[in-house]
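# Coordinate analysis (summary)
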Amino acid sequence: MKIKSFPEYEQAYKKSVEQPEQFWKEIADNFLWRKKWDKILSWNFTEPKIEWFKGAKLNITENCLDRHLETMGDKPAIIWEPNDPTEDHRVLTYKQLYDKVCQFANVLKNNGAKKGDRICIYMPMVPELAIAVLACARLGAIHSVVFGGFSAQSIADRILDAECNIVITTDGGVRGDKKIPMKTVIDDALVRCPSVQKVIVLTHTRTPVSMIKGRDVWWEDEIKKIETQGKKEFIAEEMDAEDMLFILYTSGSTGKPKGVVHTCGGYMVYAGYTFTNAFQYEPGEVYFCTADIGWITGHSYIVYGPLSQGATTVMFEGVPTWPDAGRFWDIVDKYKVNIFYTAPTAIRSLMSFGDEPLNGKDLSSLTKLGSVGEPLNEEAWHWFDERIGKKKCPIVDTWWQTETGGFMISPIANVTPLKPGYATLPLPGVQPVLVDEKGEEIQGNGVSGNLCIKFPWPGMLRTTYGDHERCRTTYFATYKDLYFTGDGCLRDEDGYYRITGRVDDVLNVSGHRIGTAEVENAINMHSSVVESAVVGYPHDIKGQGVYAFVVCPNQHGDPELARKDIMMTVSRIIGAIAKPDKIQFVTGLPKTRSGKIMRRILRKIAEGDTSNLGDISTLLDPGVVEDIKAGAL
Ligand code: WTA
């Protein structure tokens, strides 16, 4: 599967466009199928309907575990580094991971789980999170992992939307010096979730929890039952390539987060192929992705991609700056990490600490670096290249999305010539097009437009859970016969792609996708708020910060306290990750006569660029703009 030179890339790319089915068939042949497909691809982007490898039978965990046992059973699959560096790390070999996944799949079965059930997983970054994910997949249950930073309310929304019947969680979690009472958050969420029959709770922080009789069980007790029953194996459920593998909720420009659905076969092939190629993974290499499994990056490039390729993947529970800003470099040093994959926000944050945290850290094991989540600005690119990679490691700037399942536009390490700030070229199988406002394709180089994809790839989303129409309108209705990414993009004279950021009302804050409408809804829940408008503004570390303009006429007390109350409301409704960085109280919002908020103006003010606000004559009350300008933060 591995592309070894640039001419090979060009050849593979050409083939993937001219004979896509043959191209992907040859890739898919590298995986373990119980039965091969009846048809490689059928598709249209109007409904949309996308099917890859339909009729093929497989279980993704046989690809991630069973098939490695004979040759690599004793090789580390997961190396786990705890939050607290003074505590013991853990290593799970492929054989050990296999045993634990089988064991926990039996636990799930004992607790009533069956193929097709939806199971919510809300856990910190412990090995049992990966085990839970894989156990669901082995049993054919559809996992819906919810990131640990989300509130009870957000979890409840996700559980309700997918009608989950089981929740897997821990007593608590730790990130740096912060403790998260995970089980308590789940208890709060479940007040609204009658579909949940069982909660399986792993002991982790020994935080006191309330265990409800008949509903809540301890992970460890359930494992003991399996052991006394003498069950060791769990025969993997046979899945169709197009059966659902997981749901992952992500924010869009309108409404509540939607459940992006990925299926077993295509996703597996795509995650494995892109991992192997972009990082040029070689047997024995230690790979460290700093993401959380609560996001797509963790799904595809901590769990499924690396494990399907027999890689050693490092899982880290903590944060980059605790106990100090040398934490990542200690981990690289400790495990002799070869491939290090992180996010621009982390790079910028660590950069701000200067060189001191790097002193005495041996980073000589590194051979390849990666970045994901937002544009990697040139300053951060060069720092990463010089200080971390010592100018000998290619930087693989991977552009992709929850919806794409895997890398789309990305260099192939040591194959694709790099350009700082560029995600470079599409991987084989990916056919990007740039379109103008009218939806016309913009041909040639040295152009920019909205980024769309015109042909299906195996890892793409199939639907949004429970609402196919939403999938159609969000991604396939903006431009006819194209998948619309929501990103703006530039294609330079060499045909290289540079992602310029979202063109819709989605913010990218520290690499986390946040819908402005969602934050506004949360702010508006606060009792004294009449209305609000949220926009992004450039932020040195986070990439984008959240700027909220809030109409709060009866707010007469301390504005600082009022701000804190609003922050608290957003934390409660969505989670701490969506808290506004700036809250400006305003008397009114700039609206057109038809009542539409003119965000363009607010964005300019938030960016601190008030010199040219453009045409404001269509505003109902142009006067509010002056007030807002005067009070800008
Ligand atoms: C942005 C994360 C520039 C982009 C895998 C996209 C990027 C959104 C890059 C998806 C990159 C991701 N360069 N921008 N290398 N990678 N993005 O769904 O705006 O959490 O649409 O998936 O992140 O975020 P998501």
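As the structure is a computational prediction, the values presented were derived from the model and not from experiment. (Residues numbered from 1 in each chain as written. Predicted model: local features only at pLDDT ≥ 70, side-chain atom pairs only at ≥ 80, totals over all residues. Heavy atoms only, no water.)

### Structural notes on the sheet that holds strand β21 (residues 432-435)
The antiparallel open sheet is built from four strands, whose spatial order is β21-β22-β24-β25. Each edge of the sheet is formed by a strand with only one pairing partner; in this case those strands are β21 and β25 (497-502). Each strand axis lies, on average, 45 degrees off the axis of its neighbour in the sheet, ignoring direction. Here β21 pairs with strand β22 (residues 447-453) via four bridges, running antiparallel. Across the sheet, Pro432 pairs through a bridge with Ile453, a residue of β22. (Pairing = 2+ DSSP bridges. Helix = DSSP H or I, 4+ residues; strand = E, 2+ residues; numbered from the N terminus. Axes fitted to C-alpha atoms, helices over the stretch in contact; angles between N-to-C directions.)

### So, the environment of Arg462
Here Arg462 shows up in the loop between β22 and β23 (463-464). What makes Arg462 buried here is its relative accessible area of 7%. As for Arg462 and Ile50, which are separated by 412 residues in sequence, their C-alpha atoms are 6.1 Å apart. When near neighbours in sequence (up to four residues on either side) are disregarded, Arg462 contacts Ile50, Trp52, Glu242, Val261, Thr263, Gly266, Trp457, His468 and Cys471. From its side chain, Arg462 meets the backbone oxygen of Met460 in a polar contact 2.5 Å long. (Buried < 20%, exposed > 50% of the residue type's maximum accessible area, 1.4 Å probe, protein only. Contact = heavy atoms within 4.5 Å. Polar contact = N/O pair within 3.5 Å; in protein donor to acceptor, adjacent residues only side chain to side chain.)

### Thoughts on empty space enclosed by the protein
With the rule as written, the count across this model stands at three cavities of 30 Å³ or more. Approximately 50 Å³ is the volume found for the largest cavity. For the largest cavity, the full set of lining residues is Val145, Val146, Phe147, Phe150, Arg158, Leu248, Tyr249, Gly294 and Trp295. (1 Å grid on protein atoms, 1.4 Å probe; cavity = no way out; pocket = protein on both sides within 12 Å on 5 of 7 lines; lining within 4 Å. Points joined across faces, edges and corners; volume = space filled by probe spheres on them.)

### Regarding the packing of aromatic side chains
Applying the stated criterion across every chain, the model contains 49 aromatic pairs. Ring plane angle 5 degrees and centroid distance 6.4 Å describe the contact between Phe246 and Tyr304, whose orientation is recorded as stacked. Placement of the pair is Phe246 in strand β14 (residues 244-250) and Tyr304 in helix α10 (residues 296-308), with a sequence separation of 58 residues. Overall, Phe246 belongs to the buried group, its relative accessible area being 0%. (Phe/Tyr/Trp six-rings, centres within 6.5 Å; stacked < 30°, edge-to-face > 60°.)

### With respect to helix α15 (residues 516-524)
Burial of α15 is extensive: seven of the nine residues sit out of reach of the surface. Along α15, the positions that sit buried rather than exposed are Thr516, Ala517, Glu518, Val519, Glu520, Ala522 and Ile523. Packing partners of the buried residues in α15 comprise β26 (506-509), β27 (512-515), β28 (531-539), β29 (543-551), α16 (559-573) and α17 (599-606).

### Here's the deal with the UniProt feature "domain: Acetyl-coenzyme A synthetase N-terminal" (unreviewed entry) in the chain
Mapped onto the present numbering, the UniProt feature "domain: Acetyl-coenzyme A synthetase N-terminal" (unreviewed entry) falls on residues 9-64. In this annotation, residues 9-64 is assigned 43% helix and 25% strand; the end-to-end C-alpha distance for the span is 26 Å. (UniProt positions renumbered as here; feature names shortened; annotations may be inferred.)

### Topic: the site of the ligand
Around the ligand sit 17 residues, and of these Asp397, Thr398, Thr402, Asp487 and Arg513 come closest. Interatomic distance of 2.9 Å between a side-chain N/O atom of Gln401 and an oxygen atom of the ligand. In the model, an oxygen atom of the ligand is placed 2.6 Å from a nitrogen or oxygen of the Asp487 side chain. Contact with the protein chains removes 96% of the 520 Å² of surface that the ligand exposes when unbound. Among the elements of the structure, α10, β20 (395-398) and β25 are those that each provide at least two residues to the shell around the ligand. (Near = heavy atom within 4 Å. Areas by Shrake-Rupley, 256 points an atom, 1.4 Å probe, with all protein chains shown as cover.)

### Overview of the packing of helix α3 (residues 60-72) against helix α5 (residues 127-139)
Packing of α3 against α5 brings their axes to within 8 Å, and their N-to-C directions diverge by 120 degrees. Viewed along their axes, α3 and α5 adopt a mutual orientation that is oblique. In the crossing of α3 with α5, the sense of the turn from one axis to the other is left-handed. Together, Ile60, Thr61, Glu62 and Asp66 of α3 and Leu134, Ala137 and Arg138 of α5 make up the contact between the two elements. Looking at the contact of α3 with α5 residue by residue, the classes come out as three nonpolar, one polar and three charged. (Parallel < 35°, antiparallel > 145°, perpendicular 65-115°, else oblique. Left-handed = near helix turned anticlockwise from the far one by under 90°. Nonpolar A, V, L, I, M, F, W, Y, C, P; charged D, E, K, R; others polar.)

### Some words on the domain arrangement of the chain
Domain boundaries in the chain define domain 1 (68-74 + 94-237), domain 2 (449-502) and domain 3 (506-630). A separation of 27 Å is found between the C-alpha centroids of domain 2 and domain 3. (Domains from an automatic or database assignment.)

### A closer look at the pattern of salt bridges
Note on pairing: side chains with opposite charge can pair once their charged atoms come close. Scanning the entire structure with this criterion turns up 45 salt bridges. Here Lys36 makes a salt bridge to Asp29, at a shortest N to O gap of 2.7 Å. Residue classification places Lys36 among the partly exposed positions, given a relative accessible area of 40%. Put simply, Lys334 and Glu81 hold a salt bridge, and the shortest N to O gap is 2.9 Å. Here the residue Lys334 occupies a position in helix α11 (residues 327-335), and Glu81 occupies one in strand β4 (residues 76-81), the gap between them amounting to 253 residues. With a relative accessible area of 1%, Glu81 lands in the buried category. Via salt bridges that share partners, Lys183, Asp187, Arg215 and Asp216 belong to a single interconnected network. (Salt bridge = Lys/Arg side-chain N within 4 Å of Asp/Glu carboxyl O.)

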